[in-house]
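Descriptive analysis of the structure
One-letter residues, chain by chain:
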Amino acid sequence: MSDAVSEARRWYASRISAMVLAVCVVVHLATIIYAVQGGLTAGEILGRTRGNLIFAGFYSVFVLACAVHVPVGVENIAREWFRFGPRAARALAWAVASVILVMGLRAVYGVTA
Amino acid sequence: MRRPGDFRARQHPAYWAFLAHRLSGLGLALFLPVHFWALGQALTGADALEDFLRATDQPLFKFAEWGLVVLLGLHMMGGVRLLLIEFGSGTGLRKNWIAGTAGVGVVAGLAFALALAR
Amino acid sequence: MDALLKVRVWRGARDGAFSLYDVPRQESQTVLDVVTHIQRHLEPTLSYRYACRVGMCGSCAMTVNGRPRWTCRTHVAKVADGDTLEIAPLANLPVIKDLATDMSEFFDKWARARGQFQGSATRHEPFATVSPESAERQAANAGIECIGCGVCYASCDVVEWRPEFLGPAALNRAWTLANDVRDVAQRERLRAVAGDVGCHACHTQGSCTERCPKQLQPTVSIAGLKRLAGRAAIRGKL
């Protein structure tokens with residue numbers, strides 16, 4: 001697969017994940033603003049989230065979309081602002097994707113299981 | 001020819017929108033692992049999460065959280081503008097959506113601040 | 001209006017400095033008039049480039065008070081900062097001398113973006129019929145008036161960050177051809193303009209569109225290419 005093809009796909013993945021994220025962020029912002037009223041407590045949060053499959057499903061999708069979307073932007077910034085070479089920037093992108101995926105899914109599991 | 005630090009050619013709304021989008025994205029990317037780590041505390045029990053929430057229950061952290069909510073609003077709406085330019089019909093740099101992006105940032109910030117105060 | 005204009009003009013190549021000249025102000029004076037006055041009366045060795053003086057040839061673009069512009073169609077009264085003017089060569093292009101840049105790379109990139117029309121019909125076949133109302137013809141029309149002055153290229157951050165990037169003008173040209181129903185090199189062209197040296201590296205800063213003296217919108221053309229090439233890549237047709 002040529003560079004142009006993989007880069008075009010990378011762009012597409014970034015934009016499709018952005019469409020998913022736009023919806024997720026609106027829901028997330030509403031949730032934050034609702035939940036933060038009267039202060040946050042662990043009991044309150046976990047009471048709402050534990051065993052809640054809709055919650056687990058929604059936030060798993062959110063994490064997956066982040067894991068696709070964030071590395072693309074980070075790679076661009078690394079190359080354009082921090083003078084990374086193409087290979088180093090791509091390696092950084094994979095590292096970022098792995099961190100977000102593992103830590104994100106771990107967090108979703110932590111608050112819903 | 002452009003000398004370093006000469007931003008005279010870049011003073012227009014679409015460029016500010018680009019900068020806001022990139023910087024908010026970078027800020028959110030740096031925050032995400034911290035956010036996930038904090039929520040992951042729940043794995044070791046509700047008490048661990050509660051300890052974290054109490055430790056961060058002070059003005060500096062609240063201000064940072066407020067900033068992140070604003071960044072999220074800005075990045076989301078700025079992203080919708082980019083999607084419209086790239087996938088929508090019609091032309092132009094959609095400067096009305098730049099104003100809309102700033103508006104959503106303000107609204108998200110105010111709503112979060114009000115919710116905090118309740 | 002002050003009688004004298006203080007004009008700082010870039011002298012040298014990549015390494016050089018600004019020299020200061022006093023130029024008498026006149027009504028309806030253009031920036032090109034100012035540069036010409038300096039060369040004819042004050043600094044005979046000053047190098048610069050122009051041809052038509054009426055915004056048709058695209059050879060006189062320079063950086064005026066920090067922004068790329070056609071000097072022939074820019075009135076001093078519109079851009080002077082009080083009584084001062086700063087004139088430098090275009091950004092993102094190698095400086096040959098003073099205000100003249102080497103534009104070979106800029107035009108080579110048009111060729112690399114497959115900016116040449118490639119048809120299949122011969123002179124013995126009838127003319128192709130293209131409705132002026134068709135979406136493709138309208139899209140091509142929107143970008144076709146480019147005269148290759150390099151203002152967009154000099155405005156572009158991505159060209160500065162990634163020197164291999166084809167740039168707004170070449171991609172705009174490719175987009176007009178991508179909408180030419182007679183052209184038979186579509187796949188090769190899409191392949192040439194896709195990816196990180198092409199349309200997908202654009203971050204929509206919009207400086208090209210903001211600065212184009214003909215009010216063309218390379219940003220919109222590049223967005224069209226992103227869509228076409230992105231979809232082709234997903235479907236395995238790139």
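Note that the structure is a prediction, hence the values are computed from the model and not measured. (Residues numbered from 1 in each chain as written. Chains lettered and ligands numbered in written order. Predicted model: local features only at pLDDT ≥ 70, side-chain atom pairs only at ≥ 80, totals over all residues.)

Moving on, we get to the pairing of strand S4 (residues 67–70) of chain C. All names here are of chain C. Burial along S4 is two-sided: Arg 67 and Arg 69 and Pro 68 and Trp 70, pointing in opposite directions, are all buried. Two strands pair when backbone bridges link them, and strand S3 (residues 61–64) and S4 are joined in this way by 4 bridges, in the antiparallel orientation. Within the sheet, the bridge partner assigned to Thr 63 lies in S4 and is Pro 68. Joining the antiparallel neighbours S3 and S4 is a turn of 2 residues, in which Asn 65 adopts a positive phi near 45°. (Buried ≥ 20, exposed ≤ 12 C-beta atoms within 10 Å, placed from the backbone. Helix = DSSP H or I, 4+ residues; strand = E, 2+ residues; numbered from the N terminus. Pairing = 2+ DSSP bridges.)

This brings us to the nonpolar core. Soluble globular proteins: nonpolar side chains tend toward being buried together. In this structure, C:Ile87, C:Leu171, C:Val193, C:Leu225 and C:Ala229 are the most contacted members of the largest nonpolar core, which totals 75 residues. Taken together, domain 1 (4–101) and domain 2 (104–234) of chain C each give at least three residues to this core, which thus spans both. Judged by nonpolar contacts, the second largest core, of 37 residues, contains A:Val25, B:Ala42, B:Leu71 and B:Val80. (Core = buried A, V, L, I, M, F, W, Y, C linked by C-beta atoms within 7 Å. Domains from an automatic or database assignment.)

It is worth spelling out helix H4 (residues 95–117) of chain B at this point. The first and last C-alpha atoms of H4(B) sit 33 Å apart over 23 residues, in line with the 33 Å expected at 1.5 Å per residue. Among all positions in H4(B), only B:Trp97, B:Ile98, B:Thr101, B:Val104, B:Gly105, B:Ala108 and B:Phe112 are buried. Buried residues belonging to H4(B) abut helix H1 (3–35) of chain A together with helix H1 (13–40) and helix H3 (59–87) of chain B. (Expected span 1.5 Å × (residues − 1). Contact = placed C-beta atoms within 7 Å.)

Before going further, it helps to examine the interface of chain A and chain B. Taken together, the contacts link 29 residues of chain A with 30 residues of chain B. Those elements that place two or more of their residues in the side of chain A that touches chain B are H1, helix H2 (42–49), helix H3 (53–81) and helix H4 (86–112) of chain A. Tallied by class, the residues present in the side of chain A that touches chain B amount to 20 nonpolar, 7 polar and 2 charged. (Nonpolar A, V, L, I, M, F, W, Y, C, P; charged D, E, K, R; others polar.)

With that settled, the discussion passes to unusual backbone geometry. Residue and element names in this part refer to chain C. Its identity as a non-glycine residue notwithstanding, Ser 28 has a phi of 55°, on the positive side. Counting through the fold element by element, Ser 28 comes out in the loop between strand S2 (16–24) and helix H1 (31–42). On the neighbour-count criterion, Ser 28 (8 C-beta atoms within 10 Å) is exposed. Of note, Asn 92 is a non-glycine position whose phi angle comes to about 65°, a positive value. Within the secondary structure, Asn 92 is located in the loop between strand S5 (84–88) and strand S6 (95–97). Of the residues examined, Asn 92 has 22 C-beta atoms within 10 Å and is grouped as buried.

As for its position among the elements, C:Arg69 is in strand S4. On the basis of neighbour counts, which here come to 24 C-beta atoms within 10 Å, the residue C:Arg69 falls in the buried class.

How big an interface is tends to be stated in terms of accessible area lost as the parts join. At the interface, 17 residues of chain B touch 24 residues of chain C. Here the side of chain B that touches chain C is composed, by residue class, of 9 nonpolar, 3 polar and 5 charged.

This part is about the domain arrangement of chain C. Residue and element names in this part refer to chain C. Each assigned domain of chain C is listed here: domain 1 (4–101) and domain 2 (104–234). Between domain 1 and domain 2, the residue contacts involve 14 residues of the former and 14 residues of the latter. It is S4 that provides the largest number of residues to the side of domain 1 that touches domain 2, a total of 4 residues. Here the residues of the side of domain 1 that touches domain 2 sort into 8 nonpolar, 3 polar and 3 charged.

All names here are of chain C. Tracing the chain through its elements places Leu 90 in the loop between S5 and S6. Judged by C-beta crowding, with 24 C-beta atoms within 10 Å, Leu 90 ranks as buried. For the pair Leu 90 and Gly 150, spaced 60 residues apart in the sequence, the C-alpha separation amounts to 8.0 Å. Here Leu 90 is in contact with Ala 61, Met 62, Thr 63, Pro 68, Thr 101, Gly 150 and Ala 154, once residues within four sequence places are set aside.

On to the sheet that holds strand S1 (residues 4–12) of chain C. Residue and element names in this part refer to chain C. One open sheet holds the 5 strands; their spatial order is S2-S1-S5-S3-S4, and the pairing between them is mixed. Edge strands, defined here as strands with exactly one partner in the open sheet, are S2 and S4. Strand-to-strand, the axes of this sheet are offset by a mean angle of 35°, without reference to chain direction. In terms of strand pairing, S1 meets S2 through 9 bridges, oriented antiparallel. Within S2, the residue paired with Arg 8 across the bridge is Leu 20. Against the sheet, H1 engages S1, S2, S3 and S5, with an angle of about 95° to S2. (Axes fitted to C-alpha atoms, helices over the stretch in contact; angles between N-to-C directions.)

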